[in-house]
Amino acid sequence: MKAQRAVWGDTLTELAETDDRIVVVDGDLATSTMAVTFANAHPERFIQAGIAEQNMVGIAFGMSTLGYRPWLSSFGVFLTNRALDQVRMLVSQTKAPVRLAAAYTGLLNGASGKTHQDIEDLSVMRALPNMTVLAPADETEAAAIIQWAAEHDGPVYLRLARDAVADVFDSGYEFRIGQPVLLRDGGDGAAAEVTVVSTGVQTSRTLEAVSAVETSGRSVRHVHLPTIKPLDDDALWALLDGARTVVTVEEHSVVGGLGDVVAAVLAGHASGARLTKVGLADSWAESGPNDFLLDKYGLSADRVAARIRDAVGERVPS
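So, here's what we can say about the structure.

Definitions and limits used
- Residues numbered from 1 in each chain as written.
- Predicted model: local features only at pLDDT ≥ 70, side-chain atom pairs only at ≥ 80, totals over all residues.
- Heavy atoms only, no water.
- Helix = DSSP H or I, 4+ residues; strand = E, 2+ residues; numbered from the N terminus.
- Buried < 20%, exposed > 50% of the residue type's maximum accessible area, 1.4 Å probe, protein only.
- Lys, Arg positive; Asp, Glu negative; His and termini not counted.
- Salt bridge = Lys/Arg side-chain N within 4 Å of Asp/Glu carboxyl O.
- Contact = heavy atoms within 4.5 Å.
- Pairing = 2+ DSSP bridges.
- Axes fitted to C-alpha atoms, helices over the stretch in contact; angles between N-to-C directions.
- Parallel < 35°, antiparallel > 145°, perpendicular 65-115°, else oblique.
- Nonpolar A, V, L, I, M, F, W, Y, C, P; charged D, E, K, R; others polar.
- Arc of directions from axis to C-beta.
- 1 Å grid on protein atoms, 1.4 Å probe; cavity = no way out; pocket = protein on both sides within 12 Å on 5 of 7 lines; lining within 4 Å.
- Points joined across faces, edges and corners; volume = space filled by probe spheres on them.
- Phe/Tyr/Trp six-rings, centres within 6.5 Å; stacked < 30°, edge-to-face > 60°.

### Describing the side chain of Glu-120
Link 1 in the chain: With respect to the helices, strands and loops of the structure, Glu-120 is situated in the loop between strand E4 (99-103) and helix H7 (121-126).
Link 2 in the chain: This buried residue, Glu-120, is left without a salt bridge; Arg-159 holds the nearest opposite charge, at 7.7 Å.
Link 3 in the chain: The residues touching Glu-120, leaving out its near neighbours within four places in the chain, are Asn-81, His-252 and Trp-284.

Structure (structure tokens):
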């Protein structure tokens, strides 16, 4: 298993061998985000901007007007919050082909301190017009998404995790923008007892939870959503249609993230499904070890499995 941040450094370095438009602008975190891999291979196309995230965005925007395809390298929390005004004005409003490679996203940065956790980034970025928002599940999907993003002619926010997770996809996986991915059909398809929708690296842990629920005799349909925006609503609805219970799972606040994306699709089709949103409640997280944080905030495989079972038990009879 390889961490997504390492996949980003390796994949971008390889793509730059044949695409001289690719440049990286880093915010003094290259050894953490693994932009150092790119810097070592292509020093002439690596810009160390220091701890100046707003300036990084300005530099990247300026280079995009000259035909370059810049990538910003920093922790997610600094790109989505400290530099939000510049991202909004220079990148989103102009549709500039600037890519935000947001490393260290989500809950599991507690060892760096809770100030470094980014649990509201999907909500912030999906609210910006023209912004594509992507959250890969594992190293294979991360590589495929990076390759897609490198050719996309517009702004991209890429959510990357610090640590490696168990594989979700094999080498034959093909990423399709906007499309949900059916991981398990639940035996009876949409007639499964519960449909679970997850995103990002939380999908790996959710797969483990789904397996645990299935061993108790429940039928579970599991859908992974790598594209938060733009989403093919009809394609997702095709996988939700007929579901009486839907559970969303995300390593993110339940406000404005995956749960609200799915809720909008259900509401748009007048679905009578009961929706349970699993994620961080409307509160800040805290510093601490990964396993402790996952369990405390209900995102460990065991805790997610328990929430899925609870949701099925509370299901409104048809």
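### Comments concerning the sheet that holds strand E2 (residues 46-48)
Link 1 in the chain: Pairing in this open sheet of seven strands is mixed, and the strands run E2-E1-E3-E4-E6-E5-E10 from one edge to the other. For this open sheet the edge positions go to E2 and strand E10 (227-229), each flanked by a neighbour on one side alone. Pairwise comparison of adjacent strand axes, ignoring direction, gives a mean angle of 20 degrees for this sheet.
Link 2 in the chain: Strand direction decides the pairing type here: strand E5 (residues 132-134) and E10, joined by two bridges, are antiparallel. Residue pairing across strands places Val-133 opposite Lys-229, the latter belonging to E10.

### Things to note about the packing of helix H4 (residues 53-64) against helix H6 (residues 84-92)
Between two packed helices, both the angle of their axes relative to each other and the distance between the axes serve to describe the pair.
Link 1 in the chain: Where H4 contacts H6, the axes come no closer than 9 Å and their chain directions differ by 5 degrees. With respect to their mutual orientation, H4 and H6 come out roughly parallel. Contacts from Gln-54, Val-57, Gly-58 and Phe-61 in H4 reach Gln-86, Val-87, Leu-90 and Val-91 in H6.
Link 2 in the chain: Its residues assigned to classes, the contact of H4 with H6 shows five nonpolar, three polar and no charged.

### Thoughts on helix H11 (residues 258-268)
Link 1 in the chain: Listed in full, the buried residues belonging to H11 are Leu-258, Gly-259, Val-261, Val-262, Val-265 and Leu-266. Along the axis of H11, the buried positions cluster into a sector of 160 degrees, meaning they face one direction only. Facing away from the buried surface of H11 by more than 90 degrees, the exposed residues are Ala-267 and Gly-268.
Link 2 in the chain: Check the buried side of H11 and you find it contacts H7, strand E8 (194-198), E10, helix H10 (233-240), strand E11 (245-253) and strand E12 (274-280).
Link 3 in the chain: Just downstream of H11 lies Ala-270, where phi reads positive at about 55 degrees.

### Brief notes about the environment of Ala-135
Link 1 in the chain: Here Ala-135 is to be found in the loop between E5 and helix H8 (139-151).
Link 2 in the chain: Since its relative accessible area comes to 1%, Ala-135 is described here as buried.
Link 3 in the chain: It is 9.2 Å that separates the C-alpha atoms of Ala-135 and Ala-161, two residues lying 26 residues apart in sequence.
Link 4 in the chain: Excluding residues within four positions of it along the chain, Ala-135 makes contact with Glu-141, Arg-159, Thr-199, Gly-200, His-224, Leu-225 and Pro-226.

### With respect to the sheet that holds strand E9 (residues 220-224)
Sheet strands line up and pair through hydrogen bonds in the backbone, either parallel or antiparallel.
Link 1 in the chain: In spatial order, the strands read E7-E9-E8-E11-E12; together these five strands make up an open sheet with mixed pairing. With partners counted over all chains shown, the strands left at the sheet margins are strand E7 (181-185) and E12, one partner each. On average, each strand axis in the sheet is tilted by 20 degrees relative to the strand beside it, whichever way the strands run.
Link 2 in the chain: The strands touched by H11 are E8, E11 and E12; relative to E11, the strand with the most contacts, the crossing angle is about 150 degrees.

### Remarks on empty space enclosed by the protein
Link 1 in the chain: Tallying each qualifying case throughout the model produces one cavity of 30 Å³ or more.
Link 2 in the chain: For the largest cavity, the calculated volume is near 90 Å³.
Link 3 in the chain: Forming the walls of the largest cavity are 13 residues, and the residues nearest its centre are Thr-105, Arg-159, Ala-161, Gly-200 and Val-201.

### Regarding the packing of aromatic side chains
Link 1 in the chain: For the structure on display, the rule yields five aromatic pairs.
Link 2 in the chain: Judged by centre distance (5.9 Å) and plane angle (5 degrees), the rings of Phe-75 and Phe-78 are stacked.
Link 3 in the chain: Ring plane angle 15 degrees and centroid distance 4.1 Å describe the contact between Phe-75 and Tyr-104, whose orientation is recorded as stacked. Here the residue Phe-75 occupies a position in strand E3 (residues 69-75), and Tyr-104 occupies one in the loop between E4 and H7, the gap between them amounting to 29 residues. Here Phe-75 matches Tyr-104 in class, with each residue buried.
Link 4 in the chain: An aromatic cluster of three or more residues is present, and its members are Phe-75, Phe-78 and Tyr-104.

Interpretation in functional terms is not warranted from these geometric data alone.
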